[in-house]
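Listed here are the chains, written in short residue letters.
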Amino acid sequence: MSQQQNVRPDYLDVNEVYKRLAALISQPIHPVRREKMQAYLDYFETKCKRSKELNDEACQIIPGGVQHNLAFNYPFPIAVEKADGAYLWDVDGNRYIDFLQAGGPTMLGSNYAPVREKVFEMLNSCGPVTGLFNEYELKLAHLIQRFVPSVEMFRMLGSGTESVMAAIRAARTFTKKKYVIKVGGAYHGWSDQMVYGLHVPGTGRMEAKGIPRGANRTTQEFYPNSLGALKRHLILNRLRGGTAAVIVEPVGPESGTRPVPFDFNQKVRELCDEFGALLIFDEVVTGFRLGMGGAQEYFGIKPDITVFGKCIAGGYPMAGGVGGRRDVIMSFGAGIGGTGERAYVGGTLSANPLSCVAGYYALLEMERLDAPVLATKAGDRLTKGLNQMIEKLGLPFVAYNQGSIVHLETSGTMLLDFKNPIRLLRELNPRKHMMEEMGAAYMAEGVITLAGSRMYTSMADTDDVIDDALARFESVLSVCG
Ligand SMILES: Cc1ncc(COP(=O)(O)O)c(C=O)c1O
């Protein structure tokens, strides 16, 4: 069991957050004033010339010019040259406070030297891959088990996407049941079966271009926090092949963009038990962000299967893993010691020595230095400062956090859904564009966010870094209206 305490014994006031979000979405948008927005766009033209050149060239050979979904920034993606702690530098020499943190994995801050040195040692002795067993696979599995005791058996994979696929495969093999139920809007990677109800609840196959109908015919979504809808699916599924698993992001879809009430996961656990479905916690983001015991320690829930990603290789490549009940995870074990009924998984670079050594030392350092607690302290300070600013400026914006995951909703784009399709159609594009502009404005002020609405804090975000960031946010928010 992790020696660390939950990073946050209290929990955000979910009702209050939803009330404020409802008020935000009921109003017209408050974007950056036009003349100031033009000045921000000029920043990119004048101060990011090399990035622009590189992006123009990249667009000729790489679809869209960038390969990471989070790098699709307006007006064009910047090219990063250097990363260190709380900061990034672009190829034009501009420095930014980095609240993207690569999408979450770098809890120790970017390019953390003690882990980098261990990686160099491994590269010098073994190189990045041999295809054979390495002791660090074992060390990392033991460490994860120590932090997350529901992980009786663990299997390392190449990404969160792959690990979700594997978790579902194990659930179906073990239960011999058919359906998988997810929360509408949640992101569980881009596998065929999970590109369903993506980002916006109720959208089903809307994003499933190139995916045959059959691939997600057994995926279902329910409206965020609607336990009644989940129960209805579970009841109906009993008559048509059963529910193999319910998969949740434990803080709510899209890293808590629609946060869950504190007892939500417990109620999902109870429904799973009632209907004989397995509970999969997708801890790709929350794993080690909400504490070394993950969201399951934070909420006091024991899932059957846990999916890991991002943090388990400390920001180094090939970060994915799936762990849980021995009887379920043994579905992967072929031949010797296996169940005989093998759920097939693989991956040439899975569990390579580089990823395993990086993950092992990153997690040890995170524990030793209390990284989740420090990152949460930074998240709390940032959220408090943003809310004070929002109140002072009389804006309808909403800031809230779950530990080191900080949300700053200014346009409310992520709150649109098919419950109100007319509003969705009418408002999606303008609200989305405002969100893009906010991201650009923050960046021009020297702060990088995730899509202009989310921030991941890390251990490197000292009070000084947060206060500096707040001053930069204020420059943007004070010209919204
Ligand atoms: C909750 C969640 N699950 C799964 C994934 C997919 O992980 P990966 O990008 O490693 O495939 C992500 C990625 O952001 C995620 O946030």
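Note that the coordinates shown come from a computational prediction; the quantities given were computed from them, not determined experimentally.

Participant: Lay out empty space enclosed by the protein with the relevant residues and their values.
Facilitator: Applying the stated criterion across every chain yields a total of one cavity of 30 Å³ or more. Approximately 40 Å³ is the volume attributed to the largest cavity. Along the walls of the largest cavity sit Gly184, Gly185, His199, Pro201, Pro253, Glu254, Thr257, Arg258 and Met414, which together make up its complete lining. Of the residues that constitute the lining of the largest cavity, the class distribution is three nonpolar, four polar and two charged.

Participant: Account for helix α9 (residues 264–275), with residues named and values stated.
Facilitator: With 12 residues, α9 extends 17 Å between its outermost C-alpha atoms, agreeing within 8% with the 16 Å of an ideal straight helix rising 1.5 Å per residue. Listed in full, the buried residues belonging to α9 are Phe264, Asn265, Val268, Arg269, Leu271, Cys272 and Phe275. Down the axis, α9 shows its buried residues gathered within 165 degrees of arc, on one side only. Residues of α9 that are buried sit in contact with β6 (219–222), α7 (227–238), β7 (243–248), β8 (278–282) and α10 (294–299).

Participant: I'd like to hear about the layout of surface pockets, residue by residue, with values.
Facilitator: Approximately 810 Å³ is the volume attributed to the second largest pocket. Along its surface, the second largest pocket is lined by 33 residues, and Glu137, Phe154, Arg155, Met156 and Ala351 are the ones closest to its centre. If you list the elements that add at least two residues to the lining of the second largest pocket, you get α5 (135–147), β4 (153–157) and α12 (353–368). Here the lining of the second largest pocket is composed, by residue class, of 19 nonpolar, 10 polar and four charged.

Participant: Explain the pairing of strand β9 (residues 305–309) to me, using residue names and the numbers behind them.
Facilitator: With five of its five residues buried, β9 lies for the most part within the structure. As judged from the three bridges shared by β8 and β9, these two strands associate in the parallel manner. The partner of Asp282 across the bridge, within β9, is Val307. Since β8 and β9 lie parallel, the crossover through α10 that links them has a hand, and here it is right-handed. For β9 and strand β10 (residues 320–324), the ladder comprises five bridges, and the chain directions are antiparallel. Bridge pairing links Thr306 to Gly323 in β10.

Participant: Kindly report on the packing of aromatic side chains, identifying the contributing residues and their values.
Facilitator: Within this structure, the stated rule accounts for 17 aromatic pairs. Each ring, one from Tyr11 and one from Phe299, has its centre 5.7 Å from the other, and the planes form 75 degrees; the classification is edge-to-face. Here Tyr11, found in the segment before α1 (14–25), pairs with Phe299, found in helix α10; they are 288 residues apart in sequence, far enough to count as distant. As far as burial versus exposure is concerned, Tyr11 and Phe299 are alike and both buried. Ring centres of Phe99 and Phe473 lie 6.5 Å apart, and the angle between their planes is 10 degrees; on these two criteria the pair is classed as stacked. Taken together, the residues Phe99 in the loop between β3 (95–98) and α4 (113–125) and Phe473 in helix α15 (residues 463–477) connect sequence positions 374 residues apart. Looking at Phe99, the relative accessible area reads 0%, which means it is buried. Three or more aromatic residues link up through ring pairs in this structure, and these residues are Tyr11, Phe262, Tyr298 and Phe299. The ring centre of Trp89 lies 4.3 Å from the NZ or CZ of Lys82, which sits over that ring. Sitting above the plane of the Tyr87 ring, Arg95 keeps its charged end 3.9 Å from the centroid.

Reading the values: the criteria
Residues numbered from 1 in each chain as written. Predicted model: local features only at pLDDT ≥ 70, side-chain atom pairs only at ≥ 80, totals over all residues. Heavy atoms only, no water. 1 Å grid on protein atoms, 1.4 Å probe; cavity = no way out; pocket = protein on both sides within 12 Å on 5 of 7 lines; lining within 4 Å. Points joined across faces, edges and corners; volume = space filled by probe spheres on them. Nonpolar A, V, L, I, M, F, W, Y, C, P; charged D, E, K, R; others polar. Helix = DSSP H or I, 4+ residues; strand = E, 2+ residues; numbered from the N terminus. Expected span 1.5 Å × (residues − 1). Buried < 20%, exposed > 50% of the residue type's maximum accessible area, 1.4 Å probe, protein only. Arc of directions from axis to C-beta. Contact = heavy atoms within 4.5 Å. Pairing = 2+ DSSP bridges. Right-handed = clockwise from strand over helix to strand, strands pointing away. Phe/Tyr/Trp six-rings, centres within 6.5 Å; stacked < 30°, edge-to-face > 60°. Lys NZ or Arg CZ within 6 Å of the ring centre and 35° of its normal.

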